[in-house]
Amino acid sequence: MPEWKPPNVSPDAVADFIIEADDSDDEAPVRSSTQPQSLSSAPPPANSMFSNFTSFMNPTAVNLEASFQPLTGANTRVQERQFSGGNTLDEPILETLSRDLKAIGHHLYAVLWPASLSKLAKAQQQNLVGYARNAGINVPDALRGDIENEAAPVAVKQLEWDLWGPLVFSLAYSVILGVLSPKALSSEVFSLTFSMIWLTLAVIAVNIQLLGGTISFLPALSATGYSIFPIVVGAVVSILVKHAMVRLVVDAVLVSWAVYAATVALKCSGVLSGRVILAIYPVGLIYVVLGWLCVIT
Amino acid sequence: MSGKYDRIIDADDGGHFFSINYYRQYFDIDSNEFLAKCMHAMIPFTRIFGGNEAVDTTGELYGAIWCTATIIVLLFLSNTGSNMLTNWVKHSDIKYQYDFALLTKSISLLYGYILVVPIVAYSLARWYFKFPQSLTLVQYVSIYGYSNIPWIPASVLGLVGGLLGNHSFLSSLLRWICIGIGGVLSLLNIVLGIYPNVKKNFAELGKEKVALVELAVLSVVHVGFTIAVKISFFGVLN
């Protein structure tokens with residue numbers, strides 16, 4: 001959308017016709033899509049004032065291009081912006097909660113079934129490589145192979161992030177480990193595990209950020225934190241199973257699952273393609289430690 | 001130093017000392033370069049016969065940080081795992097309890113070693129001997145970080161050692177072999193990384209013999225570090 005250039009209209013003529021921002025709260029949050037919202041600007045010159053005023057009365061009849069042409073010049077496009085509904089402060093609490101829970105559920109599903117994100121991951125990686133190529137940077141041949149047959153960059157929806165999952169999982173994991181260890185040590189084990197998880201996740205997130213890409217600190221923390229979930233399952237398994245060899249096998253499977261989920265999630269969040277291994281390696285390291293603690297507890 | 005991907009991420013490379021962009025220059029490495037460096041550190045013999053140019057040790061901290069983290073994790077796994085296996089072989093009823101103190105101790109030992117010794121070596125080179133072309137501090141840390149990679153096979157062998165719990169002689173022999181592999185190969189890495197530069201600089205200063213003295217001191221320090229690793233992870237000295 002082009003920039004709005006303020007026209008040369010005398011201030012007195014303008015003052016009477018500025019339309020206040022729409023703040024009638026008692027209406028339904030979603031309004032008619034044709035209602036112009038950002039018209040709190042200057043009106044047309046005096047001679048065409050009346051005809052335009054009537055057109056405001058009847059929203060469907062507004063021809064924005066024609067009305068604003070005298071002000072903005074012939075080549076400027078004027079568009080109406082769709083009113084996208086009320087803000088989140090106005091909605092009922094239940095709606096807010098259900099939206100957040102849905103987001104958490106979506107994340108969890110992505111961890112349980114990482115393949116659901118792989119398309120998004122591929123598109124994101126292609127965007128980054130295409131971007132690099134357009135900027136005149138030499139892309140390694142290994143990466144270029146997948147890209148050549150693809151068209152222009154795909155529009156990619158960025159994943160939302162939140163820290164509920166990581167919080168719940170790290171708490172659950174440390175509680176289980178604390179309960180499983182001898183009575184005298186349980187509080188120590190709990191606090192050490194909990195702080196170790198968060199410290200290493202923070203270090204890993206900084207590392208991912210330092211490696212570059214379009215990912216930032218909290219999305220990286222969220223992606224790696226949510227992928228702990230399979231390991232929490234492993235901790236639950238070690239409550240039920242006491243045999244170390246069975247635990248070892250189960251935890252090995254669960255840790256590789258977690259690493260795979262984290263890889264896909266990080267690819268989606270925009271880690272550079274040539275550095276995915278470098279970003280995921282420390283994550284794998286801490287997952288192995290967490291899985292191992294489940295085995296030997 | 002400008003990064004390969006800087007133009008994608010943000011136009012201004014560098015940045016302020018306290019901003020995260022400043023540190024991006026030390027993490028400017030791709031997966032394949034990293035793997036190549038690790039391979040060369042694992043098999044240092046290839047570098048003796050003139051393969052040194054293949055791995056140009058640029059100042060980069062990813063390897064130093066995460067290789068050391070790998071060693072810590074593996075030594076911890078190896079120690080706890082071999083204790084568990086020993087208990088299993090001996091059919092003892094004593095439940096093995098891991099201690100977190102081992103983890104924190106190993107973090108301070110390994111990271112301390114790859115930080116303190118390079119800082120001392122760099123300060124000597126820079127301000128005492130006044131080298132014309134000293135390695136940078138980051139390069140010293142990087143060399144020391146990668147040098148520890150041979151501890152990986154050593155810790156895997158140590159895990160196997162747990163199965164020999166009933167034969168205390170064989171078990172301790174195997175542990176000494178692990179220590180030998182780790183210590184000698186990592187020392188070789190350090191020497192191959194640092195010595196060419198040190199030698200060249202001392203030659204320019206006209207004090208070739210001091211280079212050998214510095215090498216000897218570094219070797220003695222490394223032997224001390226190896227014994228500390230032995231005490232922490234592979235049981236008491238016996």
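Residues numbered from 1 in each chain as written. Chains lettered and ligands numbered in written order. Predicted model: local features only at pLDDT ≥ 70, side-chain atom pairs only at ≥ 80, totals over all residues. Heavy atoms only, no water.

**Details of the overall build of chain A**
Rules: Secondary structure elements are taken from DSSP: a helix is a run of H or I of four residues or more, a strand is a run of E of two residues or more, and numbering for both begins at the N terminus. The contact definition used throughout considers only heavy atoms, calling two residues in contact when any of these lie within 4.5 Å. Computed with the Shrake-Rupley method and a 1.4 Å probe, the accessible areas treat only the protein chains shown as cover for residues.
Along its length, chain A carries 12 helices and zero strands. Its helices and strands taken in sequence order, chain A reads α-α-α-α-α-α-α-α-α-α-α-α from the N to the C terminus. Within chain A, residue pairs in contact and separated by at least 24 positions form 74% of the contacts whose partners lie at least 6 positions apart. Per element, the accessible surface of chain A, about 16400 Å² overall, is 64% carbon and sulfur.

**Considerations on the interface of chain A and chain B**
Let me state the cut-off plainly: Put simply, buried area is the surface a 1.4 Å probe can reach on two separate parts but cannot reach once they are joined, added for both. We count a salt bridge whenever a side-chain nitrogen from Lys or Arg sits within 4 Å of a carboxyl oxygen from Asp or Glu. Any N or O atom pair separated by 3.5 Å or less is treated as a polar contact, with the protein-specific requirement of one donor-capable and one acceptor-capable atom, and with residues adjacent in sequence counted only for side-chain atom pairs. Amino acids are sorted into nonpolar (Ala, Val, Leu, Ile, Met, Phe, Trp, Tyr, Cys and Pro), charged (Asp, Glu, Lys and Arg) and polar (every other residue, Gly among them).
Across the boundary between the two partners, chain A contributes 39 residues, which contact 30 residues of chain B. Carbon and sulfur atoms supply 73% of the area that chain A and chain B bury against each other, a total of about 3300 Å² over both sides. Of all residues in chain A, Leu-210, Leu-278 and Trp-292 of chain A bury the most surface against chain B, accounting for 19% of the area lost on that side. Across the chain A-chain B interface, the total number found is two salt bridges. The closest approach of N and O atoms between Asp-30 of chain B and Arg-275 of chain A, which form a salt bridge, is 2.9 Å. Our enumeration of links across chain A and chain B arrives at nine residue pairs in polar contact (both at pLDDT 80 or more). Counting residues per element, the ones that place at least two in the side of chain A that touches chain B are helix H5 (115-134), helix H8 (186-211) and helix H12 (276-296) of chain A. Take the side of chain A that touches chain B: its biggest share by element is 12 residues, from H12 of chain A. Looking at the side of chain A that touches chain B residue by residue, the class counts come to 30 nonpolar, eight polar and one charged.

**Points about the UniProt feature "transmembrane region" (unreviewed entry) in chain B**
Residues and elements named next belong to chain B. Note the threshold: UniProt positions are given in the numbering used here, feature names are shortened, and annotations may be inferred rather than shown by experiment.
As recorded in UniProt, the feature "transmembrane region" (unreviewed entry) lies at residues 61-86, 107-129, 149-166, 173-195 and 215-237. Overall, residues 61-86 shows 96% helix and 0% strand. The separation of its end C-alpha atoms is 37 Å. Measuring from the first to the last C-alpha atom of residues 107-129 gives 31 Å, for a span that is 96% helix and 0% strand.

**Topic: the confidence of the model for chain A**
Any residue range with low pLDDT should be treated as having predicted coordinates unsuitable for detailed reading. All names here are of chain A. What counts is decided by this rule: The predictor attaches a confidence to each residue, and that confidence, scored 0 to 100, is pLDDT.
Counting all residues, the mean pLDDT for chain A is 74, and 62% of those residues have values of 70 or more. Note that residues 23-59 has pLDDT below 50 and, in this model, 43 contacts with residues that lie over four places away or in other chains. The low-confidence segment residues 145-155 (pLDDT under 50) makes nine contacts with residues lying over four places distant or belonging to another chain.

**Here we look at the packing of aromatic side chains**
Residues and elements named next belong to chain B. Worth spelling out the cut-off: Note on aromatic pairs: the rings of Phe, Tyr and Trp (six-membered ring only in Trp) are paired at centre separations within 6.5 Å, and the planes decide the class, stacked below 30 degrees, edge-to-face beyond 60, tilted for the rest. Buried, partly exposed and exposed residues are distinguished by accessible area as a fraction of the type maximum, computed with a 1.4 Å probe on protein chains only: under 20%, between the cut-offs, and over 50%, respectively.
What the rule picks out here adds up to 16 aromatic pairs over all chains. Considering the side-chain rings of Phe-129 and Phe-202, the 5.0 Å spacing of their centres and the 75° angle between planes classify their relative orientation as edge-to-face. You can see Phe-129 sitting in the loop between helix H6 (100-128) and helix H7 (137-147) and its partner Phe-202 sitting in helix H9 (residues 168-205), a full 73 residues away along the chain. For the pair Phe-129 and Phe-202, one class covers both residues: buried. Aromatic pair Phe-131 and Phe-202: ring centres 5.0 Å apart, planes at 85°, arrangement edge-to-face. Here Phe-131 is found in the loop between H6 and H7, whereas its partner Phe-202 is found in helix H9, with 71 residues between them in sequence. The burial state of Phe-131 is the same as that of Phe-202; both residues are buried.

**Considering the environment of Cys-178 of chain B**
Residue and element names in this part refer to chain B. Within the fold, Cys-178 resides in helix H9. By relative accessible area, which is 0% here, Cys-178 ends up buried. Taking the C-alpha atoms as reference points, Cys-178 and Pro-153, 25 residues apart in sequence, are found 7.9 Å from one another. Contacts of Cys-178, omitting those with residues within four sequence positions, involve Trp-151, Ala-154, Leu-157, Gly-158 and Phe-234.

**Here's the deal with H12 of chain A**
Quick reminder of the rule: To estimate how far a helix should extend, the number of its residues minus one is multiplied by 1.5 Å.
Look at H12 of chain A: 30 Å from first C-alpha to last across 21 residues, which is about the 30 Å you get at 1.5 Å a residue. Burial within H12 of chain A is extensive, with 18 of its 21 residues counted as buried.

**Section: the environment of Leu-218 of chain A**
Looking at the secondary structure, you find Leu-218 of chain A in helix H9 (residues 217-226). Residues Leu-218 of chain A and Ala-202 of chain A lie 16 residues apart in sequence; the distance between their C-alpha atoms is 8.9 Å.

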